[in-house]
Amino acid sequence: MSRPLAVVVLAAGLGKRTKVSLPKVLLPLCGRTLIDTVLDVVAELHPERTVVVLHHHKERVAKAIAGRSGLQIVDQGEPRGTGHAVQVAMESLIGFEGDVMVVYGDCPLITAPTLRALRDARGEAGASVLTAFADDPTGLGRILRDVNGNIVGIREERDCSPEELEIDEVNAGFYCFASRHLAGALLGLSDDNAQGELYLTDTIAQLVEGPGVTTHTVVDDDEILGVNSLRELALARDVMQERILLEHLGNGVIIEDPSTTYIEHGVVIGRDTRILPCTVIRTGCVIGEGCEVGPFAHLRLGTRLEDGAEIGNFVEVKKSTIGRGSKAKHLAYLGDATIGAQVNVGCGTITANYDGKHKHQTVVEDGAFIGSGTVLVAPVTVGAKATTGAGAIVTRGRDVPPGEVWVGVPARAMRKKER
Ligand code: UD1
Ligand code: CA
């Protein structure tokens, strides 16, 4: 497709229906916010321009997406409807000629292939609209068609007649417009409707007369789920979680019980790794091949498991690397640690990484044996093939030299005859 593309993302609404103080588009979905999830899909289309329309909680939302390049943020002012939001966005697209795709920031399950198909569906028409056949169309705009089956408009639910409410084809909330036809149609919007708003959806009836409008219908109606309430957020999370798990299963990751396994977006897992039940793996973890994680393990941001590492029940790992073949099988906390290869981390081991002000590093070198219940007070290093005895407290900076055996509280080298 040679036409340039601009995408307008609408996220100025208050999100009243969620009943929480967090801005709706900052609600979390498997390790990303709703808006990040949408912006990631948009980025897959490589648009020339991306305009994000904000207003309520503008500073917070803008800060949350500040790390992304190429976004233009505009303030809608007091939101007066989706049509008004696009009118404002178009002010920063003056002179832009091409496709303008409009997406809503609260519909995080859409996929790039569907958006590409929507764009292709426009052809030479003035606009294309993504539609779906919903089991429960409640709350969604209905697609109006004439006797020949051509789209003639979109009616918001609150403006529908009883007959129109029976229509099960709904507006998914994604559109691709020819920029100049969109600009023209936006001029003709009125707020003469049940909500007194300028509806973007009213541009469609206008464009039908003239350049014409086409539709593309989604195959999988999960893709159009909009998050207006926490209940819908939970539904969206289930769908997203299933997608993530299916992808890992397809890559040869053995997930014993997908129904109790939580793996966020953006986790890399090698083949032949086994994920056992009730395990939580947060975004940003990298797990090698042939590892075992769980049951009841919690891997947090910055965890790296090298091939063959094993993390067992009630073990939490954060910002740590666990070397090849190393094991921490029971009841441990490993934070800000670099654990070498073939290390045994005994039951109940803790890296005391936080002194109340700063986080400190723990290093355990290859082949070390950390006895049960050891506390490693960081910063500290346990040398290669060294051993700590059960219950040892290795105090900060008191590094255990390679090959030595340290025991006690505070830990000290064990003399030969004590061994
Ligand atoms: C909208 C559609 C409806 C469609 C549904 C799909 C309209 C008029 N209705 O309804 O046909 O079936 O989505 O999910 O478009 N927003 C702004 N500024 C505004 C108003 C809204 O930026 O002035 C943003 C909101 O933050 C939200 C998105 O636009 O991200 C959609 O608005 P929302 O109020 O959720 O529309 P729906 O009632 O869901
Ligand atoms: Ca919505």
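We now turn to the structure provided with this report.

Thresholds applied
Residues numbered from 1 in each chain as written. Chains lettered and ligands numbered in written order. Predicted model: local features only at pLDDT ≥ 70, side-chain atom pairs only at ≥ 80, totals over all residues. Heavy atoms only, no water. Helix = DSSP H or I, 4+ residues; strand = E, 2+ residues; numbered from the N terminus. Rg over C-alpha atoms; globule rule 2.2 N^0.38 Å. Buried < 20%, exposed > 50% of the residue type's maximum accessible area, 1.4 Å probe, protein only. Contact = heavy atoms within 4.5 Å. Areas by Shrake-Rupley, 256 points an atom, 1.4 Å probe, with all protein chains shown as cover. Lys, Arg positive; Asp, Glu negative; His and termini not counted. Charge placed at Lys NZ, Arg CZ, Asp CG, Glu CD. Near = heavy atom within 4 Å. Polar contact = N/O pair within 3.5 Å; in protein donor to acceptor, adjacent residues only side chain to side chain. Nonpolar A, V, L, I, M, F, W, Y, C, P; charged D, E, K, R; others polar. Donors = N, O, S within 2.8 Å, 3.2 Å for Na, K, Ca; no water. Phe/Tyr/Trp six-rings, centres within 6.5 Å; stacked < 30°, edge-to-face > 60°. Lys NZ or Arg CZ within 6 Å of the ring centre and 35° of its normal. Pairing = 2+ DSSP bridges. Patch = residues over 30% accessible without salt bridge, like charges linked within 9 Å, V, L, I, M, F, W, Y side chains within 5 Å. Salt bridge = Lys/Arg side-chain N within 4 Å of Asp/Glu carboxyl O. Arc of directions from axis to C-beta. 1 Å grid on protein atoms, 1.4 Å probe; cavity = no way out; pocket = protein on both sides within 12 Å on 5 of 7 lines; lining within 4 Å. Points joined across faces, edges and corners; volume = space filled by probe spheres on them. Right-handed = clockwise from strand over helix to strand, strands pointing away.

### With respect to the overall build of the chain
Across its full length, the chain holds eight helices and 34 strands. Against the globule reference of 22 Å for 419 residues, the chain gives a C-alpha radius of gyration of 28 Å, more extended than a compact globule. For the chain, buried positions account for 48% of its 419 residues. For the chain, restricting intrachain contacts to residue pairs at least 6 apart in sequence, the fraction spanning at least 24 positions comes to 44%. When the accessible surface of the chain is totalled, it reaches about 18900 Å², and 52% of it is carbon and sulfur. Each charge class in the chain can be summarised by its mean position, and for the 43 positive and 54 negative side chains these summaries are 13 Å apart.

### Details of the environment of Ala205
When you line up the elements, Ala205 lands in helix H7 (residues 202-208). The class of Ala205 is partly exposed, set by a relative accessible area of 35%. Separated by 51 residues in sequence, Ala205 and Ile154 place their C-alpha atoms 7.1 Å apart. Contact partners of Ala205, with chain neighbours within four places excluded, come to Val152 and Gly153.

### Some points on the site of ligand 1
Around ligand 1, the structure places 24 residues, and the nearest of them are Gln76, Gly81, Tyr104, Glu156 and Asn171. The backbone of Arg80 places a nitrogen or oxygen atom 3.5 Å from an oxygen atom of ligand 1. Within the side chain of Asp106, one N or O atom sits 3.2 Å away from an oxygen atom of ligand 1. Taken by itself ligand 1 offers 760 Å² of open surface, and the protein chains cover 90% of this. Class assignment of the residues belonging to the shell around ligand 1 gives a composition of ten nonpolar, nine polar and five charged.

### Section: the coordination of the calcium ion (ligand 2)
Only Asp106 (OD) and Asn228 (OD1) from the protein reach the calcium ion (ligand 2) as donors, at distances of 2.4 to 2.5 Å. Here Asp106 is found in the loop between strand E6 (99-104) and helix H4 (112-122), whereas its partner Asn228 is found in the loop between strand E11 (213-217) and helix H8 (230-250), with 122 residues between them in sequence. Taken as a pair, Asp106 and Asn228 share a single burial class, namely buried.

### Re the packing of aromatic side chains
What the rule picks out here adds up to three aromatic pairs. Ring centres of Phe296 and Phe314 lie 5.2 Å apart, and the angle between their planes is 15°; on these two criteria the pair is classed as stacked. One end of the pair, Phe296, is in the loop between strand E18 (292-293) and strand E19 (297-299); the other, Phe314, is in strand E21 (residues 310-318), with 18 residues separating them in the sequence. When its relative accessible area of 41% is taken as the criterion, Phe296 is described as partly exposed. Taking the ring centre of Tyr354 as reference, the NZ or CZ of Lys359 above it sits at 5.0 Å.

### A closer look at the sheet that holds strand E30 (residues 380-382)
Taking strand neighbours across the sheet as the criterion, the seven strands line up as E14-E17-E20-E22-E24-E27-E30 in an open arrangement whose pairing is parallel. With one partner strand each, in any of the chains shown, strand E14 (268-269) and E30 form the two edges of the open sheet. As judged from the two bridges shared by strand E22 (residues 321-322) and strand E24 (residues 337-339), these two strands associate in the parallel manner. Of the residues in E24, the one forming a bridge with Thr321 is Thr338.

### Comments concerning a nonpolar patch on the surface
A cluster of nonpolar side chains, namely Phe296, Phe314 and Leu331, defines an oily patch on the protein surface of about 310 Å² accessible area. The topology assignment puts Leu331 in strand E23 (residues 327-335). On the basis of relative accessible area, Leu331 is assigned to the partly exposed category, the value being 48%.

### Observations regarding H4
Three or more residues of H4 are buried, namely Ala112, Thr114, Leu115, Leu118, Arg119 and Arg122. The buried residues of H4 occupy an angular sector of 160° when the element is viewed end-on, so they sit on one face. In this structure, H4 carries Pro113 and Asp120 as exposed residues pointing more than 90 degrees from its buried face. At its buried positions, H4 is contacted by strand E1 (5-10), helix H1 (34-44), E6, strand E7 (127-133), strand E10 (169-178) and E11. Backbone geometry just after H4 places Gly123 at a positive phi near 55°.

### Observations concerning the layout of surface pockets
Size it by volume and the second largest pocket reaches roughly 370 Å³. The wall of the second largest pocket is formed by 22 residues, among which Arg32, Met240, Ile244, Glu247 and His265 lie closest to the centre. If one sorts the elements of the lining of the second largest pocket by residue count, H8 sits on top with five residues. Tallied by class, residues from the lining of the second largest pocket come to ten nonpolar, six polar and six charged.

### A short note on H1
With eight of its eleven residues buried, H1 lies for the most part within the structure. Within H1 the residues assigned to the buried category are Leu34, Ile35, Asp36, Thr37, Val38, Leu39, Val41 and Val42.

### Here's the deal with the pairing of strand E4 (residues 49-54)
By the criterion of burial, E4 is predominantly enclosed, with five of the six residues buried. Looking at chain direction, E4 and strand E5 (residues 71-75) are connected through five bridges and run parallel. Bridged to Val51 within E5 is Gln72. Once you follow E4 into helix H2 (residues 58-64) and on to E5, the crossover reads as right-handed.

### What to know about the pairing of E7
By the criterion of burial, E7 is predominantly enclosed, with six of the seven residues buried. Pairing of E7 with E10 involves six bridges; the strand directions are antiparallel. Directly across from Phe133, in E10, lies its bridge partner Glu169. Where E7 meets E11, five bridges bridge the pair, whose relative direction is parallel.

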